[in-house]
Amino acid sequence: MGLQPLEFSDCYLDSPWFRERIRAHEAELEKTNKFIKELLKDGKSLIAATKNLSAAQRKFAHSLRDFKFEFIGDAETDDERCIDASLHEFSNFLKNLEEQREILALSVTETLIKPLEKFRKEKLGAVKEEKKKFDKETEKNYTSLEKHLNLSAKKKESHLLEADSQVEQNRKHFYELSLEYVCKLQEIQERKKFECVEPVLSFFQGMFTFYHQGYELSKDFNHYKMALQINIQNTRNRFEGTRSEVEELMNKIRQNPQEHKRANQFTIEGYLYAQEKWPAPFGSSWVKHYCMYRKETKKFTMIPFEHKSGGKIGDGDVFLLTCCTKRNMDTIDRRFCFDIEAADRSVTPVTMQAFSEEDRKLWMEALDGKEAMDKIGFTILRKCISAIETRGINDQGLYRVVGVSSKVQRLLSLLMDAKTCSEIDLENSVDWEVKTITSAMKQYLSGSPESRVNAIHFLVHKLPEKNKEMLDILVKHLANVSDHAKKNLMTVANLGVVFGPTLMRPQEETVAAIMDLKFQNIVVEILIENHEKVRLCVLLDSIINIHRIADIQNVVIVHTCLASCACLPHSECCGPNLASGVQGCLGWVTWGIIPS
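These lines cover the structure that appears in this document, whether it is placed above or below. This structure is a prediction, so every number in the text was calculated from the model and none was measured. (Residues numbered from 1 in each chain as written. Predicted model: local features only at pLDDT ≥ 70, side-chain atom pairs only at ≥ 80, totals over all residues. Heavy atoms only, no water.)

### Notes on the packing of aromatic side chains
Moving on, step 1. Considering all chains together, one arrives at 16 aromatic pairs under this definition.
Moving on, step 2. Ring centres 5.8 Å apart and planes at 55° place the aromatic pair Phe 194 and Phe 239 in the tilted group. Placement of Phe 194 in helix H6 (residues 157-210) and of Phe 239 in helix H7 (residues 214-255) is noted, with a sequence separation of 45 residues between them.
Moving on, step 3. A relative accessible area of 5% means that Phe 239 is categorised as buried.
Moving on, step 4. Each ring, one from Phe 300 and one from Trp 363, has its centre 6.2 Å from the other, and the planes form 50°; the classification is tilted. Residue Phe 300 is located in strand S3 (residues 299-304), and its partner Trp 363 is located in helix H8 (residues 357-366); the two are separated by 63 residues in the primary sequence. When sorted by exposure, Phe 300 lands in the same class as Trp 363, which is buried.
Moving on, step 5. The structure contains a cluster of three or more aromatic residues connected by ring pairs, namely Tyr 12, Phe 134, Tyr 142, Phe 174, Tyr 175 and Tyr 181.
Moving on, step 6. A cation sits over an aromatic face here: Lys 288 above Tyr 271, 5.5 Å from the ring centre. (Phe/Tyr/Trp six-rings, centres within 6.5 Å; stacked < 30°, edge-to-face > 60°. Helix = DSSP H or I, 4+ residues; strand = E, 2+ residues; numbered from the N terminus. Buried < 20%, exposed > 50% of the residue type's maximum accessible area, 1.4 Å probe, protein only. Lys NZ or Arg CZ within 6 Å of the ring centre and 35° of its normal.)

Quick look at the structure:
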């Protein structure tokens, strides 16, 4: 198989295999350069040394015979095949002329030496200069990118934006240079076939003129010569015809590289930096990997590759992806980060860093990533609770009396904005009534992203730490409200009625679900009454274990167990539907009672 074609779209991926193909083209050009250099040396020997002409012709013939052009693609055309075979044919002709000692003074210099020297210096030399620029720009681009990614997220926004702009300019310049270099490589691979062979053909034509038997030999050679000229012209015409199409394709890809990506088996692929943690006190390091992901199989492949160290491909790591979560900048001193978790990997999660925010969004979308819990949720909750406990802990009907909808929505919009949330003062402001604050908090808990059912395959006792922290804050607050029930009339049962539907929602809105609403209230009462006696995760495990009790005859045992922990008021615990109700309620606990 010949050289692999260099696709312009690969310039933007810059994959390890793309670099391997470039090196193969460069090696072929270096081989061609060495061949031409040797051929020129041999040709000059023919002119300079008549007495060594025969030996020089043999060496020259051997050089022609041993060299073979490489073609691009999976197969070569008849013209290319004839061009490749032509050097061997030339060698055979030289064997018949070994005893001839005529000097090819004038024609050899003009028809062979000068064209090949010109091709070698102007064409191959230009490619070498382009290679130096490409290697230098590669080093500059990825060094600049690494420095950029190492910028602290705590720097001024203007500084970060300026740095982003500079990196983007460097990247565009690198892509432009890469496209030009790839085009030049493939152009010279095609051009050399006729620019190298054509001077050799002219040399042979002139050589026959000077020999005593040149005329007869040229008659024998004429048929092959004409066929070869046709092959050369066909190859040249094909080159001229495809060059405009290649340039058009290059321009299309330059304008919109994302739309011209080659179709392959991967949903997304590209470079990411992976954080590798080391035992104390060595900290961690960031290693660049070429990553590939297939959504159909959930298979994620990471291959370490460093452009600056010669482009050696390291050992890859393949695992099944289970989860992808965005990392906020308050949890890590780097931008564009996200975590991935694997089912069959010992070290998990792995923190990855994309090249830009747009790049991270593409990866998050392809990996079905989710947003991490934002600290604004805790700020809203703490601010509302502090205002309620300061101004309205003794208000009658606390949480039951609702505020004006327009005011509630306005307060919510202010609280959801990080800037206005920090400025608003709910404890000392008369602009916001307590009922408006309680309604806003209930609506936020009911409709915020943290409270949606987005982790249905996790059991409640496996809740993330932040989610358990938020639930704990709320439960402690509700317990404080219930402690003032003599004045605000908000008993544990009343709070269960208010917050049961808020914190727990059934998977479907059915009549059966509506009939089981009272069991939502029971679970909230259990959480409120036991917040200081039992750790949250142990309590939830106990609740889930009740799910196994299916026999209604065991209701008394369940009641005794819960009553001993002061979990339920006696009036709420009795009744023939308790077991089935708790079971249905536990389904909600398992699937979505807590923000996930």
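### Details of the side chain of His 477
Moving on, step 1. Secondary-structure assignment places His 477 in helix H13 (residues 465-483).
Moving on, step 2. A distance of 2.9 Å separates the side chain of His 477 from the side chain of Glu 389, its partner in a polar contact.
Moving on, step 3. Sequence-distant contacts of His 477, defined by excluding residues within four places in its chain, comprise Ile 385, Ile 388, Glu 389, Tyr 399 and Met 441. (Polar contact = N/O pair within 3.5 Å; in protein donor to acceptor, adjacent residues only side chain to side chain. Contact = heavy atoms within 4.5 Å.)

### Some remarks on the nonpolar core
Moving on, step 1. Core analysis: the largest hydrophobic core is formed by 92 residues, its most contacted members being Leu 64, Phe 90, Phe 204, Phe 300, Ile 340 and Leu 367.
Moving on, step 2. If one sorts the elements of this core by residue count, H6 sits on top with 18 residues.
Moving on, step 3. With 38 residues, the next largest nonpolar core counts Ile 437, Leu 478, Val 481 and Ile 528 among its residues. (Core = buried A, V, L, I, M, F, W, Y, C linked by side-chain atoms within 4.5 Å.)

### Quick notes on the pattern of salt bridges
Moving on, step 1. Under the counting rule described, the total for this entry stands at 27 salt bridges.
Moving on, step 2. In this structure, Arg 23 and Glu 20 form a salt bridge, with 2.6 Å as the shortest nitrogen-oxygen distance. Here Arg 23 and its partner Glu 20 are both found in helix H2 (residues 16-48), three residues apart, which amounts to about one turn of the helix.
Moving on, step 3. Under the relative-accessibility criterion, Arg 23 is labelled partly exposed at 30%.
Moving on, step 4. Lys 31 is paired through a salt bridge with Glu 28; the nearest N and O atoms lie 3.3 Å apart. Pair noted here: Lys 31 and Glu 28 are both in helix H2, with a separation of three residues, about one helical turn.
Moving on, step 5. Connected through salt bridges with shared partners, the residues Glu 28, Lys 31 and Lys 192 form a single ionic network. (Salt bridge = Lys/Arg side-chain N within 4 Å of Asp/Glu carboxyl O.)

Everything listed is a geometric property; what it means functionally is a separate question.
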